Amino acid sequence: MTALPNHANWDLTPYFPSFDGPEFRAHREHLIASLKQLGDDARALGSLTVENADAWADLYLRDETIGANYSHIASYIGCLCSDDARNEAYKAEQGRLAQIGAIAKKAMVPFEAALRDCSDEAFQALASNPKVADSRYALQRDRTRARYSMGPELETLAADLSVDGFGAWGRLYNNIAGTLEFEMRWPDSRVEMVPMAQKRSLMEDSDPAVRKAALVGSNLAWEKVETPVAACLNGIAGTRLTLNRYRGVEHFLDVAAFQSAVDKETIETMFATIADNRPMIHDYLRKKAKLIGKDKLGFQDLSCPLPASGDTRYSWPQGTAMVLQAFDSFYPALGQFTRQMLDKRRVESEKRPGKRPGAFCTGSLKIRESRVFMTYGGSLGDISTLAHELGHAFHSYVMRDLRVLQRSYPMTLAETASTFAESILNNAIIADESTPQPLRLQLLNAVLDDAATFLLDIHMRYTFEKALYTERAEGEVSVSRLKAMMIEAQREVFGDILAEDEMDPMFWASKLHFYITGVTFYNFPYTFGYLFSRGLFALAKKEGPSFLPRYEELLRLTGNDTAENVALRSIGADLKGREFWQGAIDTIREDLARFEELAGN
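The paragraphs below set out a description of the structure included in this document.

## Re the overall build of the protein
Summing up its helical and strand segments, the protein has 23 helices and 5 strands in all. Along the first, second and third principal axes, the C-alpha atoms of the protein reach 75 × 55 × 55 Å. Here the protein holds 601 residues, and the buried ones make up 57% of them. For the protein, the share of sequence-separated contacts (at least 6 apart) that also reach a separation of at least 24 residues comes to 75%. On the protein, roughly 24,400 Å² of surface is accessible, and the fraction owed to carbon and sulfur atoms is 51%. Positive and negative side-chain charges in the protein, numbering 69 and 82 respectively, have mean positions lying 2 Å apart.

What follows is the structure, given as structure tokens:
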């Protein structure tokens, strides 16, 4: 009997039979020609009026098709570059994709001008047109975005400069991170070069010496490239601030709130509620420090397993079986979908050199398929990551029959299905009476580590990034200042939990999220999605299977309304008040009580 492989490799041929083959080239050239023609026709049509609203609706239909084609090639190239970050041909194609992105931005300049300058009557004529009437929310967002745009000539210039400026900084960082290795000094005196993609798994090792060596070694590697990485961060932040100034954006968080389809008031209420409950998470981390035999935690200990369990690792078949069993028992539709993802080879998990760090879910709006990317090391954290990314894929699957204009959901809601899927997995393993007590304790530790991550670690990133953009507005921020700002943010949020000599001053360099050019402030939506999902999961446990249709309807709404309205329409929750957020945080107290009981035993 043939043994099952200890990893999965994805199949990308449904995108294109081969990279740079005739089908790939034809798609790329057709996309470029379609974008250019779309821009020309939009410019020729001129201002949006009541009389030509139907013609503008036709242009939106064409843009919708082009958007699906763009997502198709962008997802494919993103998969290739993550799969093999050293491949020069893939990198070159990523640069070419950035040029296509600039063409797309230029094609949309006349759309922005038309929406910015049109009368309310003209917009109403467009939005009520039967061809696009079901996408009024998307059109209204486009109009709001257009009001904060520069003139057509400047927006065209900005689109061109994004290729060799803004976008280039992001690509440079990805190339550095994707090829960076660090010297891993093992406790047995072995020394080997390890790809940065394996750092996370090593930081979750049960051996404190391994964790410390992983943090120290990886940070030494980042310090060797800190100058170009700091230039990337300054370039990205500086470009955003400059464009905000020319576009009339008053505060850098205005863009983040708009992109996340949420009010700043809601964000502030969420974090204020978290701050009130911070002592609970601090208490947990103090208990964890005691359990692992330390007075205070090091940054490398924040997500570590407990020592009593040993270094339990699970093969790929074991990990996928755990996910499937959990999904099948609580949410059969999610289990069936997961089998489809695995059977059709839509997951990439192999641990090997050259892969980009991190995990993600991507997809094509053209073929309506998703792909999951991760590096599987066999830890409980890796199994949770698999469930998390499959949750993302399921979100897209639930929306598969919606038109493209209704499928663009914000990050605040993008984390809903992923965290919900993780909760199903964790709850199933903890509730299973056959689960050994050490494993149950270990998983509760992981669940509470997630709470610390989303309520403290993410808040720390948010605090750092706010400080970064505030200081960057006055000029470039030096490497030494970036390190100091990161330590200041860690002290502010974690208090006295972290040992002074075991903080992470290089986190600003190692965290990919600070360098994503497509979305600003890629941090608070994770906390939003985490707490929102915990609130939903509490409802699901209370109401049982009858809740799941409501949950799927919520997912289908995510691209068609604000985060606050989606919550109000689907579950009747007011996200601008503290009650919902406090209720979600209170569910963590239940996990903490169970953890303390097991730890005491």
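## Topic: a nonpolar patch on the surface
A cluster of nonpolar side chains, namely Leu154, Leu157, Leu161 and Tyr246, defines an oily patch on the protein surface of about 420 Å² accessible area. Residue contributions to the nonpolar patch peak at 3 residues, all from helix H6 (residues 152-164). Tracing the backbone through its elements, the reader meets Leu154 in helix H6.

## Considering helix H20 (residues 524-543)
Counted at 1.5 Å a residue, the expected span for H20 with its 20 residues is 28 Å, and the 29 Å between its end C-alpha atoms agrees. Across the 20 residues of H20, 15 count as buried, placing the element largely inside the fold. Within two residues after H20, Gly544 carries a phi angle of roughly 80°, on the positive side.

## With respect to the side chain of Thr527
Inspection of the secondary structure assignment puts Thr527 in helix H20. Within the structure, Thr527 has its side chain in polar contact with the backbone oxygen of Phe454 (distance 2.5 Å). If we ignore the near neighbours within four places in the chain, the residues touching Thr527 are Met270, Phe271, Ile274, Phe454, Leu455 and Ile458.

## Observations concerning helix H5 (residues 136-147)
Over its 12 residues, H5 runs 17 Å from end to end, which matches the ideal 16 Å to within 8%, given 1.5 Å per residue. Every buried residue of H5 is listed here: Tyr137, Ala138, Leu139, Arg141, Arg143 and Ala146. The elements touched by buried residues of H5 are helix H2 (53-83), helix H3 (88-117), helix H4 (120-127) and helix H11 (252-259).

## Comments concerning the environment of Val262
By secondary structure assignment, the location of Val262 is in the loop between H11 and helix H12 (264-291). Taking the C-alpha atoms as reference points, Val262 and Ser162, separated by 100 residues in sequence, lie 26 Å from one another. Leaving out residues up to four positions away in the same chain, Val262 has contacts with Ala257, Ile267, Thr412, Phe524, Phe528, Ala563 and Glu564.

## A closer look at the pattern of salt bridges
Counted by the stated rule, this structure contains 51 salt bridges. Among the salt bridges present, the one from Arg86 reaches Glu181, with a minimum N-O distance of 3.0 Å. One end of the pair, Arg86, is in the loop between H2 and H3; the other, Glu181, is in strand E1 (residues 181-185), with 95 residues separating them in the sequence. For Arg86, a relative accessible area of 39% gives the class partly exposed. Residue Glu181 is classed as partly exposed on the basis of its relative accessible area of 29%. Through salt bridges with shared partners, a single network forms among Asp83, Glu348, Glu350, Arg352 and Lys355.

## Here we look at the packing of helix H13 (residues 316-330) against helix H15 (residues 380-398)
For the pair H13 and H15, interaxial distance at closest approach is 10 Å and the crossing angle is 50°. Taken together, the axes of H13 and H15 lie oblique to each other. For the pair H13 and H15, the crossing hand works out as right-handed. Of the residues in H15, those touching H13 at Trp316, Gly319, Thr320, Met322, Val323 and Phe327 are Leu380, Ile383, Leu386, Ala387 and Leu390.

## Details of the packing of H12 against helix H18 (residues 479-494)
Close contact between H12 and H18 brings their axes to 10 Å; oriented N to C, the two are set at 100°. For the element pair H12 / H18, the angle class is roughly perpendicular. Where H12 abuts H18, its residues Arg278, His282 and Leu285 lie against Glu492, Val493 and Phe494. Of the residues contributing to the contact of H12 with H18, the split by class is 3 nonpolar, 1 polar and 2 charged.

## Thoughts on the pairing of strand E2 (residues 191-195)
Strand direction decides the pairing type here: E1 and E2, joined by 5 bridges, are antiparallel. When the bridges of E2 are listed, Met184 appears paired with Glu192. Here E1 folds back onto E2 in antiparallel fashion, the turn holding 5 residues, of which Ser189 has a positive phi close to 80°.

## With respect to the sheet that holds strand E3 (residues 347-348)
Hydrogen bonds between backbone groups are what pair the strands of a sheet, and the pairing can be parallel or antiparallel. Here 3 strands make up an open sheet; going across it, the order is E3-E5-E4 and the pairing mixed. Looking at strand neighbours, the two that pair on one side only are E3 and strand E4 (360-364), the edges of this open sheet. Here E3 runs beside strand E5 (residues 369-373); their pairing, made up of 2 bridges, is parallel. Residue Glu348 lies in a different strand from E5, and its bridge partner there is Phe373. Each of E3, E4 and E5 touches H2; the most contacted strand, E4, lies at about 145° to it.

About the thresholds
Residues numbered from 1 in each chain as written. Predicted model: local features only at pLDDT ≥ 70, side-chain atom pairs only at ≥ 80, totals over all residues. Heavy atoms only, no water. Helix = DSSP H or I, 4+ residues; strand = E, 2+ residues; numbered from the N terminus. Buried < 20%, exposed > 50% of the residue type's maximum accessible area, 1.4 Å probe, protein only. Contact = heavy atoms within 4.5 Å. Areas by Shrake-Rupley, 256 points an atom, 1.4 Å probe, with all protein chains shown as cover. Lys, Arg positive; Asp, Glu negative; His and termini not counted. Charge placed at Lys NZ, Arg CZ, Asp CG, Glu CD. Patch = residues over 30% accessible without salt bridge, like charges linked within 9 Å, V, L, I, M, F, W, Y side chains within 5 Å. Salt bridge = Lys/Arg side-chain N within 4 Å of Asp/Glu carboxyl O. Expected span 1.5 Å × (residues − 1). Polar contact = N/O pair within 3.5 Å; in protein donor to acceptor, adjacent residues only side chain to side chain. Axes fitted to C-alpha atoms, helices over the stretch in contact; angles between N-to-C directions. Parallel < 35°, antiparallel > 145°, perpendicular 65-115°, else oblique. Left-handed = near helix turned anticlockwise from the far one by under 90°. Nonpolar A, V, L, I, M, F, W, Y, C, P; charged D, E, K, R; others polar. Pairing = 2+ DSSP bridges.

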